[in-house]
Amino acid sequence: MTDEKVKWNSNLSFLLAMIGSAVGLGNIWRFPYVAYTNGGGAFLIPYILSIIFLGIPLLFVEYGAGYKFKSGISKIAHKINSKYEYIGWFIQASPFLILTYYVVVVAWDLIYVPLSFFKGWGPKPEEFFTNTILQNSADPSGLFSIAIYVLIALIIVWAIVWFISHRNLNDGVGKANRILTPLLFICMIIIVAFAVTLPGASLGLTTLFTPDWNSVLNPNIWVAAFGQILFSLSIGMTITLAYASYLPDETNIPRSALTVAIANSSFEVFTAAGVFSILGFMSTTNNIPIGELVSQGTGLAFVAFPEIFNVMGTLGYVIGPLFFLCLLFAGITSNISIIEPLALSVQDKFNISRSRAVSIISIVAFVISLLFATTYGSTLLGVFDTFVNQFGLLLNVTLQTILIAVIYGLDKLLPGINKNATFLKLGKKWILLVTYIIPVISFILWIQAVFTNVIFVDSATMIVEFILLMIMLILPYILTRATPKSGDY
Ligand code: PFF
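Residues numbered from 1 in each chain as written. Predicted model: local features only at pLDDT ≥ 70, side-chain atom pairs only at ≥ 80, totals over all residues. Heavy atoms only, no water.

Turning our attention to the overall build of the chain. Regarding its fold elements, the chain presents 20 helices and zero strands. For 489 residues, the compact-globule estimate of 2.2 N^0.38 gives 23 Å, and the chain sits close to it at 22 Å. Buried positions account for 60% of the 489 residues belonging to the chain. Across the chain, every contact between residues at least 6 apart in sequence was considered, and the portion connecting residues at least 24 apart equals 86%. Total accessible area computed for the chain in this model is approximately 18600 Å², and 69% of it derives from carbon and sulfur atoms. Across the chain, the mean location of the 24 positive side-chain charges is 14 Å away from that of the 22 negative side-chain charges. (Helix = DSSP H or I, 4+ residues; strand = E, 2+ residues; numbered from the N terminus. Rg over C-alpha atoms; globule rule 2.2 N^0.38 Å. Buried < 20%, exposed > 50% of the residue type's maximum accessible area, 1.4 Å probe, protein only. Contact = heavy atoms within 4.5 Å. Areas by Shrake-Rupley, 256 points an atom, 1.4 Å probe, with all protein chains shown as cover. Lys, Arg positive; Asp, Glu negative; His and termini not counted. Charge placed at Lys NZ, Arg CZ, Asp CG, Glu CD.)

Taken together, 16 residues form the shell around the ligand, and within it Ala22, Gly26, Phe231, Ser232 and Ser234 come nearest. Within the backbone of Leu25, one N or O atom sits 3.2 Å away from an oxygen atom of the ligand. At 3.0 Å from a nitrogen atom of the ligand is found a side-chain nitrogen or oxygen belonging to Ser234. Counting residues per element, the ones that place at least two in the shell around the ligand are α1 (11-22), α2 (25-37), α5 (85-116), α10 (219-232) and α15 (316-350). Looking at the shell around the ligand, its residues break down into eight nonpolar, eight polar and no charged. (Near = heavy atom within 4 Å. Polar contact = N/O pair within 3.5 Å; in protein donor to acceptor, adjacent residues only side chain to side chain. Nonpolar A, V, L, I, M, F, W, Y, C, P; charged D, E, K, R; others polar.)

Pairing between side chains of opposite charge can happen when their charged atoms approach one another. This structure, assessed with the given rule, holds two salt bridges. For Glu340, the salt bridge identified is with Arg354, shortest N-O distance 2.8 Å. With a gap of 14 residues between them, Glu340 in helix α15 and Arg354 in helix α16 (residues 354-369) connect regions that are remote in the sequence. (Salt bridge = Lys/Arg side-chain N within 4 Å of Asp/Glu carboxyl O.)

For the rest of this paragraph, the subject is the packing of α1 against helix α12 (residues 253-286). Where α1 contacts α12, the axes come no closer than 10 Å and their chain directions differ by 40 degrees. Classified by the angle their axes make, α1 and α12 are oblique. The handedness of the crossing between α1 and α12 comes out as right-handed. Here α1 contributes Asn11, Phe14, Leu15, Met18, Ile19 and Ala22 to the contact with α12, which in turn contributes Arg255, Ser256, Thr259, Val260, Ala263 and Asn264. Counted by class, the contact of α1 with α12 contains seven nonpolar, four polar and one charged residues. (Axes fitted to C-alpha atoms, helices over the stretch in contact; angles between N-to-C directions. Parallel < 35°, antiparallel > 145°, perpendicular 65-115°, else oblique. Left-handed = near helix turned anticlockwise from the far one by under 90°.)

Take helix α8 (residues 170-195) next. With 26 residues, α8 should cover 38 Å at 1.5 Å per step; its first-to-last C-alpha distance of 36 Å lies within 8% of that length. If you look at α8, its biggest bend is around 25 degrees, right at Asn177. (Expected span 1.5 Å × (residues − 1). Bend = angle between axes of the 7 residues up to and from the residue.)

The first and last C-alpha atoms of helix α7 (residues 148-166) sit 27 Å apart over 19 residues, in line with the 27 Å expected at 1.5 Å per residue. Residues of α7 that are buried sit in contact with α5, α6 (125-133), α8, α15 and α16.

On the secondary structure map, Thr386 appears in helix α17 (residues 377-409). Between the alpha carbons of Thr386 and Ala449 there is a distance of 9.8 Å; along the sequence they are 63 residues apart. Ignoring sequence-local partners within four residues, the contact set of Thr386 consists of Phe391 and Asn453.

Two numbers describe how helix α3 (residues 44-69) lies on α12: the axes approach to 10 Å, and their chain directions differ by 135 degrees. Classified by the angle their axes make, α3 and α12 are oblique. When you trace α3 past α12, the crossing you get is right-handed. From α3, Tyr47, Ile51, Ile56, Leu59, Phe60, Tyr63 and Tyr67 reach across to α12, where they touch Ile253, Pro254, Ser256, Ala257, Leu258, Val260, Ala261, Ser265, Glu268 and Val269. Classifying every residue of the contact of α3 with α12 by side-chain character gives 14 nonpolar, two polar and one charged.

This part is about the nonpolar core. With 178 residues, the main nonpolar core has Tyr63, Tyr112 and Trp430 as its most contacted residues. The leading source of residues in this core is α5, at 20 residues. (Core = buried A, V, L, I, M, F, W, Y, C linked by side-chain atoms within 4.5 Å.)

Below, the discussion takes up unusual backbone geometry. Within the chain, Lys70 stands out as a residue other than glycine whose phi angle is a positive 50 degrees. Tracing the backbone shows Lys70 in the loop between α3 and α4 (73-80). Here Lys119, not a glycine, exhibits a phi torsion of approximately 50 degrees, which is positive. Summarising the element assignment, Lys119 is placed in the loop between α5 and α6.

Now for the side chain of Thr251. Structurally, Thr251 can be placed in the loop between α11 (239-244) and α12. Classification of Thr251 by relative accessible area gives buried; the value is 6%. Looking at Thr251, its side chain comes within polar contact range of the main-chain oxygen of Pro248, at 2.7 Å.

Looking now at the confidence of the model for the chain. Predicted confidence across the chain gives a mean pLDDT of 90, with 98% of residues reaching 70 or more. Considering each helix and strand of the chain separately, the mean pLDDT is smallest for helix α13 (residues 290-293), with a value of 75, and largest for α7, with 97. (pLDDT = per-residue confidence, 0-100.)

Now for the packing of aromatic side chains. Applying the stated criterion to the full structure yields 32 aromatic pairs. Ring centres of Trp158 and Phe366 lie 6.5 Å apart, and the angle between their planes is 90 degrees; this geometry places the pair in the edge-to-face category. Of this pair, Trp158 sits in helix α7 while Phe366 is found in helix α16, placing the two residues 208 residues apart along the sequence. Site record: aromatic cluster; members linked through ring pairs are Trp108, Tyr112, Trp121, Phe128, Phe129, Phe302, Phe305, Phe309, Phe323 and Phe324. (Phe/Tyr/Trp six-rings, centres within 6.5 Å; stacked < 30°, edge-to-face > 60°.)

Moving on, we get to the environment of Ala176. Along the chain, the position of Ala176 falls in helix α8. Between the C-alpha atom of Ala176 and that of Ile336, which follows or precedes it by 160 residues, the distance is 9.3 Å. Non-local contacts of Ala176, meaning those with residues more than four positions away in its chain, are made with Ile164, Thr181 and Ile336.

This is the structure we're talking about:
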C-alpha cells in the first residue's frame, strides 16, 4: 500500500514545508541566547562559516539521499547493506524522542495564546508558569499527579498534529505549511517592526551585535555555532531526507537547499533583532541589566516575555498574542515535520498506509508524552532534551555521514544532485569535506558534549538517561528484526 509515487504538488509546497520545519523554537529563543552568550556580533563569524562548511554540505547529503532512494533512512541503510538497517532505525530513535516532548512545549504555548489576550498570567509570570501551569515538582513521585492544563492542551495539540499529518502529503503537510509558514513570517515581521521602535531597543541591538573579537579565538564559540546550525537546520533528524524523498525529478537541488538555509538563518537573525530590542526595552524601563533577562530554554518564552508584556501596557496586548501565535505556528510546522521520517520508515517496512503509520506513531508518542503532563513533567523534559540533543543528534550526524558518505559514497548521489543544477554544481570539494572532515568534527563534538553534559549528572538524571539509552538501543533492534511486509525491502 505504500504509494511510492507520492510527490509534492509544487516546489513552493516543498520549500515552505522545509522552511516550516527548520524555523522552530530553536530560531526564536535558542539563537538569540546562544549568539548573545557567545560573543554577540563576533558569533556571526563562526556561525556563517558553520552554515557554509557544515550546515549546507550536510543538507545536500540529506537532500541527495532522499531524492535518490525515495525512502526513509532505515530502508536506505538496508539497501546499502542489510546489516546496516539497525543503524537506520537507531538514527530515528532521537527524532522519535524529540517528538514526544516537543509537542509538550507547543502545548504550553497553546495555553499562553488565549492568556496573552488578557495577560492572564497576572503580575507574577514566573510563579504562574511554575505553580499554576506546570505545577512543577522536582520529586519523581510527581509522575503520578497530572498537570491538568498541560494535559488538556497536549491533547489538543496532538489532535491538530495527527489531523494534519495523517492526511495525504499535499492535503496535510503541504497545505498546513502553505498557510502556517507565511503566517509565521507575517507575525514575526509585525513584532520586529514594533520592537525596534520601542524605547531602549538600540541598547538591545547594540548588546546583541557588538562584536567581542577576542571570543572568536575561543573554541567554545565554534562548538556553540556548530551546534546551533545543526539544530536550526534540523540536521540529523532525517526530516530533510524524508521531505526530499517526495521531490519531483526536475528539482534544482542545490538552489533549493541554499534557499532553505538562507531563509532559516535570515529569519533567525531577524528574530534575534526583535527579541533583543524587546529585552533592551525591558532593561531600560526596569533598570535590569540585559544579561539578567536572557535565559535559555523555556524561561525566556514563558516567563521573561509575559513579564515584558506586563510592562508594555496596551502594546503588550498586541505583541503578546502575536508572539505566542508565532511560537505556535513555528512549533506545529516543526512537529509535523518530525513525524514524517518516522511515518515514512514505518510505511517502507510494513507496507501500510500513511494514515495508519501516522496514527500508530502518534498514539505511541502520545502515551509517552503523557509523562510530561505530570507535575514532574518539566523536570523530565529537561533531561530528555539535553540527552537527545547532546548525545543523540550529534551521534546521528556522525553515523549518518559515515553511512552515506564513507560507506555508500557521495559520488553516487552527485548525478541526482547536479541533474537540474544551474549556478552551483557540487563536486570533489564537497565530497572530500563531507567524507573526511565533517564526520571527524561531529565525532569530536559528540565526545565533548557527552563529557560536558551527559556523564557528570546527578543520579536521578543518570537513571532517566539510562532508560533513554535502552529505548534508543532496543526499539531499533525490534524494528530491525521485524519481518518486512513490503516486497522490495
Ligand atoms: N529546526 C528546528 C528548530 O529550530 O526548532 C528543530 C526541530 C525541533 C525540528 C523539533 C523539528 C522538531 F520537531
